[in-house]
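Structure at a glance
Listed below are the residues making up each chain.
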Amino acid sequence: MNRKKVLISLFVCLFLFASFTNQAGAYQRFYYFGKLNGGVYARTWGITQKTYTLHGRTVNYYDRVLSAVSNWNGINPTSNSNVDVSLSYKSDYTSATLRFYVDAYGDNGWAASCDHYTSNGTYINPRSTSGNWDHAKLFLNAYYTNYSTYTSSMITAAAAHEIGHAFGFEDLYGSNDDKLMWWNGDTRTVCGITSDEVTGIRTIY
Amino acid sequence: MINKKSVILVSVMITLLFSVTGCSSSKNTAVPDNSGGAISLSKTEGFANVKELKERAEEIVRLKVLSTETVEYGEKLFTVSKAEILKVTKGKLVKGDVIKLTQTGAIVDGQDISVSGDPIYRTDDEMILFLKKCEVPYAEDTYRSLGIDDGRFDVKDSKVIARGMNYGNESKADKKKVKKSDSIDEMGSKDINRLGFTVEEFEEKIK
């Protein structure tokens, strides 16, 4: 086999490998590559109310969000990356970087949601506007999440998923139900960050 | 010795390789259009084809938006619109009824703050919606489209435009490259938008 054939064979293998690995698991960013101004280190989170009772169930949302935050806080510097996710609780949620709101917003078709804002309180649309945001409001819809079928793990995952949006991740579709950023909280098969989000956060920040 | 041809060949290969690895892992390749999207969320339901929508819809109607109102609840904005029923394909509503529709988001300072695929309705918008009655704390007797954008089909210049049903999986109809004359049941948004149904054709198909 001559050198040319060896090179072509090598290229075909690499091409197929690259294509396959991208399809299997690829975090997505918002179209305009927006992200949280000030980064992910030494930031704060707060919550409107710690517990919520509905449908005969009392859910401790503080604990659920704390669990999600702890999950993200597990991203620490390594020999290859200086990125350190560090979110601490702030009792005054109105001035926190990530502001969680818990309420029964009704049968609107969503269990959790995230809105992005600039420092002067105006919305940023990360899918149609270039620019970064300064804080995010993250909503947990107790109308759905207080049902007993919505387990504690699913609520933690919903909170962690919305934190992902606040950090600049887009939803995933296709065959990515084993990723935190999978679009549907009812069918997501993981309840915390995966290597995909870790890679993503180290790239974005 | 590496000759000139080998250098050129390796350069082309590396360029092609980077075009695969460099783009798809970090950038959403879908070019944004005027389809809302300021609000990110975890949906509670999704519909991949028309059959699923037909089975779950309480009402399937064509309607025209008469007015819209922004409502704030729990620091979140919603829009409640009034719409007149123009035609009923399924359900108990009748032509001429006026119903209330709810959406997550609002028009804020002229900016559409809405869920991706479900831009806020505007007065005179005409749509075919697969609806369910929904319980919300900020309005009574309201409906919403199934799967938020999945059950929404806008009418533009007498043509039907599917807004949702984009979950990254090819529909069965996609794979078969369906024709307009085929059943609409297995079709997703790509099929419907590619085939370009008129309102009359679409309403006949979803009966």
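Above this note sits the structure.
Conventions and cut-offs
- Residues numbered from 1 in each chain as written.
- Chains lettered and ligands numbered in written order.
- Predicted model: local features only at pLDDT ≥ 70, side-chain atom pairs only at ≥ 80, totals over all residues.
- Helix = DSSP H or I, 4+ residues; strand = E, 2+ residues; numbered from the N terminus.
- Buried ≥ 20, exposed ≤ 12 C-beta atoms within 10 Å, placed from the backbone.
- Contact = placed C-beta atoms within 7 Å.
- Core = buried A, V, L, I, M, F, W, Y, C linked by C-beta atoms within 7 Å.
- Pairing = 2+ DSSP bridges.

When helices and strands are tallied, chain B shows five helices and nine strands. Counting from the amino terminus, chain B carries its helices and strands in the arrangement α-β-α-β-β-β-β-β-β-β-β-α-α-α. Residues classed as buried in chain B amount to 39% of the 207 residues present. If you take every contact in chain B between residues at least 6 apart in sequence, the share linking residues at least 24 apart comes to 61%.

Residue and element names in this part refer to chain A. Membership of the largest hydrophobic core comes to 92 residues, with the highest contact counts inside it found for L98, F100, L140 and A159. If one sorts the elements of this core by residue count, helix α4 (residues 152-167) sits on top with nine residues. Excluding its chain neighbours within four sequence positions, the residues that come into contact with A159 are R64, V65, A68, A112 and L140.

Both faces of the sheet carry side chains from a regular strand, because those side chains alternate between them. Among the eight residues that make up strand β6 (residues 110-117) of chain A, seven are buried, leaving the element largely enclosed by the rest of the structure. Of the pairings in the sheet, the one linking β6 of chain A to strand β1 (residues 40-43) of chain B comprises four bridges and is antiparallel in character. The partner of S113 of chain A across the bridge, within β1 of chain B, is L41 of chain B. Adjacent in sequence and paired antiparallel, β6 of chain A and strand β7 (residues 123-124) of chain A are bridged by five residues, among which G121 of chain A carries a positive phi angle near 90°.

Okay, unusual backbone geometry next. Non-glycine residue H55 of chain A carries a positive phi angle of around 55°. The exposure class assigned to H55 of chain A is partly exposed, which follows from the 16 C-beta atoms found within 10 Å.

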